[in-house]
Amino acid sequence: MPSPLPIGIFDSGVGGLSIMKEVRLRLPAEGLLYYADSAYCPYGSRPLSVIQGRAYAICDFLQSQGVKLIVVASNTTSVAALDQVRDYARVPVVGVEPAVKPASELTKNGRVGVLATVVTLAGNRFNNLVERFGNGVEIYTQPCPGLVEQIEAGSWEGPETEALLGNYLSRLLEHDVDTVVLGCTHYPFLRPLVEKMAGTGVKVIDTGEAVAQQVVRVLENNGLFTPESAPGWERFYTSGNPGKVGRVIRLLLQDPGLEVQQVNLDHQLC
Ligand code: DGL
C-alpha cells in the first residue's frame with residue numbers, strides 16, 4: 001500500500017538538512033518533516049544519556065505527527081542511540097555513519113582523514129567501521145569542537161570559521177591524507193571551504209547521497225512510497241529560537257518563505 005504519510009528527519013540542529021536535501025532530490029513527492037534540536041545543540045560533546053533521551057523524545061514527537069519512517073540525520077546520535085531508537089520506534093529507522101568504507105575504496109595513497117564530533121569518534125560504532133572497512137588503510141581522525149556552532153550561527157565562511165577549520169584540517173593534511181571524510185552532517189555546509197583549504201589533490205566525501213539512497217530502498221522494500229500524484233511538502237520544527245533557526249534554515253535551503261515552528265520536548269534521562 002503506498003503511504004502519503006511524511007518522513008521524519010532530525011538532528012541536533014541544521015546539520016541534518018544536508019541529508020534532507022539529498023532525500024528531496026530523490027523523492028520529490030514525499031512530505032518531509034524536520035526537527036532541529038537547537039536548544040540542545042551541539043550534541044557532539046554531551047553525555048550519551050542526554051543524546052539518547054533527546055532521541056527518544058524526538059522519536060515520540062515525530063511519531064505523534066504520523067511519520068512513516070525516521071531518519072536519524074546525525075552521526076553523533078547514530079553512534080549514541082541508533083540501536084535504541086530502532087528498538088523503540090514503531091516505524092523503520094535509517095541512521096548515518098561516516099563514509100569510511102567509500103573513503104577506503106577511493107584513497108590512492110592509503111591515507112584517509114575523518115573530521116567528526118568527539119562523541120562520534122569515541123563510539124564503538126565508529127571503531128567497528130574502521131575495523132570492518134579500514135583494512136590496509138591508515139585512518140586519521142580529528143574531532144572538531146566549535147565547528148557545529150559556527151554552522152548553526154550561519155558562519156559557513158569568514159575568518160573565525162576558516163581559522164578553526166584550518167587548524168583541524170592541517171592536522172589531517174600533516175599525515176598526507178588524500179581523502180577527507182566529513183563525518184558530521186553539519187560539515188557538508190563547509191565543503192567549499194574544506195575543498196579550497198585542502199587543495200585539488202584531496203577528495204572530500206560525505207554520506208548524504210548514500211543515506212538518501214538507503215531511504216529510497218527502505219520505502220521501496222516496505223511499500224511506503226507516497227502516491228505519485230502527491231506534491232512534496234516540508235515542515236520545520238525546532239526546540240530553539242524559531243527566528244534564529246529559521247534564518248539559518250532559510251539561507252541553507254535558499255527558501256525565503258520557509259517557516260519554522262517552536263516545539264519544546266521534555267526528555268527523561270536514560
Ligand atoms: N550533525 C550531527 C552529527 O552528524 C551532530 C553534531 C553536533 O550536534 O555536535 O554528528
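Described below are features of the structure shown in this document.

Conventions adopted
- Residues numbered from 1 in each chain as written.
- Predicted model: local features only at pLDDT ≥ 70, side-chain atom pairs only at ≥ 80, totals over all residues.
- Heavy atoms only, no water.
- Near = heavy atom within 4 Å.
- Polar contact = N/O pair within 3.5 Å; in protein donor to acceptor, adjacent residues only side chain to side chain.
- Areas by Shrake-Rupley, 256 points an atom, 1.4 Å probe, with all protein chains shown as cover.
- Nonpolar A, V, L, I, M, F, W, Y, C, P; charged D, E, K, R; others polar.
- Helix = DSSP H or I, 4+ residues; strand = E, 2+ residues; numbered from the N terminus.
- Contact = heavy atoms within 4.5 Å.
- Pairing = 2+ DSSP bridges.
- Axes fitted to C-alpha atoms, helices over the stretch in contact; angles between N-to-C directions.

A closer look at the site of the ligand
As a structural note, the neighbourhood of the ligand is formed by 13 residues, with Ser12, Tyr43, Gly44, Thr76 and His186 the closest of them. Measuring from an oxygen atom of the ligand, one finds a backbone N or O atom of Thr185 at 2.8 Å. Contact distances for the ligand include 2.8 Å between a nitrogen atom and a side-chain N or O atom of His186. Starting from 300 Å² of accessible surface for the ligand in isolation, the protein chains cover 99%. In terms of residue class, the shell around the ligand is built from four nonpolar, eight polar and one charged.

Considering the environment of Leu17
Considering the arrangement of structural elements, one finds Leu17 in helix α1 (residues 17–26). Along the backbone, Leu17 and Leu253 are 236 residues apart, and their C-alpha atoms lie at a distance of 8.0 Å. Those residues in contact with Leu17, other than ones at most four positions away along the chain, are Tyr34, Phe189, Phe236, Ile249, Leu252 and Leu253.

Some remarks on the sheet that holds strand β5 (residues 111–116)
With parallel pairing, four strands are arranged side by side in an open sheet as β6-β5-β7-β8. Taken across any chain shown, the strands that pair with only one partner, and hence form the sheet edges, are β6 (138–143) and β8 (203–205). In this sheet, neighbouring strand axes are inclined to one another by 20 degrees on average, regardless of whether the strands run parallel or antiparallel. Pairing between strand β7 (residues 179–182) and β8: three bridges, direction parallel. Across the sheet, the residue bridging to Thr179 is Lys203, located in β8. Contacting β7 and β8, helix α9 (residues 191–198) runs over the sheet at an angle of about 155 degrees to β8.

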